[in-house]
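Remarks on the overall topology
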Amino acid sequence: MPGMVVFGRRWGIASDDLVFPGTFELFVRVLWWIGTMILFTYHKGNFDCNGGGVLHTFLVGLMVVLALIILSLCATVYVSAQGTITNPGPRRSIPALIYLRAILYIPELVWACLGAMWVSEDSKGCDPATVGAVITAVIASWIILLFTGLGVVFVFDPLGNPRPQHSAMEPLEVRDQQSTEGTQFLSTARSLAVKVWESRLKLLCCCLPQDESHRAAFSSIAQLVGGFFSDTDLVPSDIAAGLALLHQEQDKMEQSRDPDIMVDHSPSSPIGEDLETELDKAAHCMQFAAAAYGWPMYIYSNPLTGPCKLSGDCREAEYDIVGGDHLGCHFSSILQSTGLQYRDFIYVSFHNQIYEIPFYVALDHKREAVLVAVRGTLSLKDVLTDLSAECENLPIEGVLGSCYAHKGMCQAAGYIYKKLVNDGILNQAFSIAPEYKLVITGHSLGAGTASLLAILLRNSFPTLQCYSFSPPGGLLSKALADYSKDFVVSVVLGKDLVPRLSLPNMEDLKRKILKVVSNCNKPKYRILLQGCWYEVFGGDPDDFPTEMDNRREEELSQPLLGEESLMIRHSSSYQSLASDESPAHTATHLPLFLPGRILHITEDGPSRRSCFSQVRYRADWSNEMSFRIVLISPRMLADHMPDAMLRALTSLTRDRPFSLCPSSSNNTNHNTV
């Protein structure tokens, strides 16, 4: 629902978000009241020590204050649990309860000070247990006051001016007369949101140089993030509830999908034995892509033996071909992970700035290749490169149609291209092994950069190949994506989030969240509880009413009920939730696609399994349209990890007779529907 408006401003919390914090505080307060009552009853109100009268007054007053707080918390929790996300009518008394609870902080503060004064001045001669109990009560009061202050800071919304809402019964003529005012309001809200996010980024990245390139990156990222939810009136818990509902809705659709639906391969797609060959090559290249992460990935993959193996090598940090590795641990871990020798490396760079990411060039004698491996996201600077997601023109000779790509990765690919070509690194490599072919690989950010680097080098090296592991979905225009199919293979594992991340996909996700939230008739606390249970323990998806079917439109016209209540103003990115048209297919954002041919690896068997059961995988050729929807899953982040990708590829190549899907030999492949 819209953010709660109290004390003359909007906050980043809704009136139905007080159930869980209120219940926790209620539990603490009840225990506290019981302990105080036991202490008072044990002494029967008589305290034979200095300051006994003050102690008596303190305990009686504390019980009264606690009783009032408990009553106010009970009322707050009960009222907050009423209604639904978009129907806050039953919760209209929450602001008054908030004001009452704020007033009760005054006597609590006074009593905490009184208890502290008694302990410091008048507690001599009293029972040590009694003194300890009073000290505990005073400390508990100050801790609760401290956490309350932190909570206020946490839910403070810098954009917290009350947002105007239109009544559902407001005449159309009145809305038309206010359209100019609404447009101006939305523009002002977005501008303010951009400034707030830019300030947050500068604070978060205060350790980075504040030069022109960083300021430009902060500005573009702030415009992207600040404008995304600026046309909605959702709080974070609404988004969490929407994701929980959407996950169960997607699982229901997947369970009802016909498993026998197949689509023929496109003429350019490899089939049969080509799939085995590509899997072998991909499994081999993934070792180099994972090694590019340096010692953090090596230690993560070998937590017991890794530190010991690197401890001696890290001190030997003087290598002429290595740059930016001050301790030598990164290069030592690459040697351990790849099995290559020092003489096999042509160039290794761990220099890291925004749009400038680490990479290395080595001779892979096993596959007779000059291999370029690009590192994925591992630093805050890499995150800024990831988030620079607007489009940048990338004209390529011989490619017809619009040529544009992800700006941050396009800049990173240009940086590596200049190093490889202008600094003569590739010439040096091919002077040593002229018969070798060029292979480029990377994971995540490195995958997107490697794909763009391959496109830039394609005309100079017609036989090059690129293996892109878990690349971002919003990477290439359609023309460049089709062009890359001849030399790029993208490998995606399971429900990995990153290959499905693009601005159109995120707009589609926002639309679906608004839809399920606005049409669910259960309170938010139940949605979150059942969603957490489903994520952890599984089971059957809850049958939440999330569709408009068989529901009268007037049922959605109650105060703040229905999707329009979640929009502060109509925007170009918003489509009516009753419509099936997806923003993913509108012209709000330029469409971007995954690079090359797409090899999709999925777990073979039930989606829920024991933690100790052996995982079996299957591999299918897919297409970019299968990744136009963000899939909500507990594994959407775990499937993106490089060790998970390497484990899946290793399992596929080791257990090939059992893991390759039968359709791969029959010119068919499965596609997500």
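Residues numbered from 1 in each chain as written. Predicted model: local features only at pLDDT ≥ 70, side-chain atom pairs only at ≥ 80, totals over all residues. Heavy atoms only, no water.

The name that an unreviewed UniProt entry assigns to the protein is Diacylglycerol lipase-beta, with the source organism given as Dissostichus eleginoides. Of the comments in the UniProt record for the protein, the one headed Cofactor (unreviewed entry) reads "Ca(2+)". The UniProt entry for the protein carries this comment under Sequence similarities (unreviewed entry): "Belongs to the AB hydrolase superfamily. Lipase family." (UniProt positions renumbered as here; feature names shortened; annotations may be inferred.)

With that settled, the discussion passes to the packing of aromatic side chains. Evaluation of the coordinates by the stated rule reveals nine aromatic pairs. Pairing Phe345 with Tyr360 gives two aromatic rings, centres 5.8 Å apart and planes at 55°, and the pair type is tilted. On the criterion of sequence distance, the pair formed by Phe345 in strand S5 (residues 345-349) and Tyr360 in strand S6 (residues 359-364) is long-range, its members being 15 residues apart. For the pair shown, Phe345 and Tyr360 are each scored as buried. The rings of Phe331, Tyr342, Phe345 and Tyr360 are connected pair by pair, giving a single aromatic cluster. One residue, Arg101, lies across the ring of Tyr105, its end atom 4.0 Å from the ring centre. Geometry around Phe593 places Lys478 over its ring, the cationic atom sitting 5.4 Å from the centre. (Phe/Tyr/Trp six-rings, centres within 6.5 Å; stacked < 30°, edge-to-face > 60°. Helix = DSSP H or I, 4+ residues; strand = E, 2+ residues; numbered from the N terminus. Buried < 20%, exposed > 50% of the residue type's maximum accessible area, 1.4 Å probe, protein only. Lys NZ or Arg CZ within 6 Å of the ring centre and 35° of its normal.)

For the rest of this paragraph, the subject is the nonpolar core. Residues Val370, Val372, Leu420, Leu438, Ile440 and Leu452 are the most contacted members of the largest nonpolar core, which totals 46 residues. Those elements giving two or more residues to this core turn out to be S6, strand S7 (369-374), helix H14 (407-422), helix H15 (425-432), strand S10 (437-443), helix H16 (445-457) and helix H17 (478-483). Excluding residues within four positions of it along the chain, Val372 makes contact with Phe359, Tyr360, Val361, Leu420, Leu426, Leu438, Val439, Ile440, Thr441 and Leu453. Within the second largest apolar cluster, 40 residues are counted, among which are Phe331, Val439, Val491 and Ala619. (Core = buried A, V, L, I, M, F, W, Y, C linked by side-chain atoms within 4.5 Å. Contact = heavy atoms within 4.5 Å.)

The next thing to look at is the pattern of salt bridges. Enumeration over the complete set of coordinates arrives at 23 salt bridges. Residue Lys252 is joined to Glu249 by a salt bridge in which the shortest nitrogen-to-oxygen separation is 3.5 Å. Of this pair, Lys252 and Glu249 both sit in helix H8 (residues 236-256), three residues apart, which is roughly one turn of that helix. Assessed through its relative accessible area of 14%, Glu249 is described here as buried. Between Glu603 and Arg635 there is a salt bridge, with its nearest N and O atoms 3.8 Å apart. In this pair, Glu603 sits in strand S13 (residues 597-603) while Arg635 sits in the loop between strand S14 (617-622) and helix H20 (642-654), placing the two residues 32 residues apart along the sequence. The class of Glu603 is partly exposed, set by a relative accessible area of 25%. (Salt bridge = Lys/Arg side-chain N within 4 Å of Asp/Glu carboxyl O.)

Time to look at the environment of Glu624. Residue position: Glu624 is located in the loop between S14 and H20. Looking at Glu624, the relative accessible area reads 8%, which means it is buried. For Glu624 and Phe593, which are 31 residues apart along the polypeptide, the C-alpha to C-alpha distance reads 6.3 Å. Here Glu624 is in contact with Lys478, Asp482, Lys485, Phe593 and Ile598, once residues within four sequence places are set aside.

Right, let's talk about the pairing of strand S11 (residues 465-469) for a bit. By the criterion of burial, S11 is predominantly enclosed, with five of the five residues buried. Along S11, one buried face is formed by Gln465, Tyr467 and Phe469 and the opposite face, lined by Cys466 and Ser468, is buried too. Of the pairings in the sheet, the one linking S10 to S11 comprises five bridges and is parallel in character. Looking across to S11, one finds that Gly442 is bridged to Ser468. In terms of handedness, the path from S10 via H16 over to S11 forms a crossover that is right-handed. With four bridges connecting them, S11 and strand S12 (residues 488-493) associate as parallel partners. Its bridge partner being in S12, Cys466 is matched across the sheet by Val488. (Pairing = 2+ DSSP bridges. Right-handed = clockwise from strand over helix to strand, strands pointing away.)

Our next topic: the UniProt feature "transmembrane region" (unreviewed entry) in the protein. The positions UniProt marks with the feature "transmembrane region" (unreviewed entry) are residues 20-42, 54-78, 98-119 and 131-156. Helix makes up 100% of residues 20-42 and strand makes up 0%, while its end C-alpha atoms are separated by 33 Å. Split by type, residues 54-78 is 100% helix and 0% strand. Its first and last C-alpha atoms lie 36 Å apart.

Once that is clear, we can look at a nonpolar patch on the surface. Taken together, the side chains of Ile135, Ile139, Ile143, Leu146, Phe147 and Leu150 present a nonpolar region at the surface, about 570 Å² in accessible area. Looking at the element boundaries, Leu150 is found in helix H4 (residues 128-155). (Patch = residues over 30% accessible without salt bridge, like charges linked within 9 Å, V, L, I, M, F, W, Y side chains within 5 Å. Areas by Shrake-Rupley, 256 points an atom, 1.4 Å probe, with all protein chains shown as cover.)

Below, the discussion takes up the pairing of S7. Most of S7 is tucked away: six of the six residues are buried. With burial as the criterion, each face of S7 is covered, one bearing Ala369, Leu371 and Ala373 and the other bearing Val370, Val372 and Val374. Both S6 and S7 contribute to a ladder of six bridges, which runs antiparallel. Directly across from Asp364, in S7, lies its bridge partner Ala369. In this structure, the hairpin formed by S6 and S7 is closed by a connection of four residues, where Glu368 is found at a positive phi of approximately 50°. Pairing between S7 and S10: six bridges, direction parallel. In the strand pairing of S10, Val374 is matched with Gly442.

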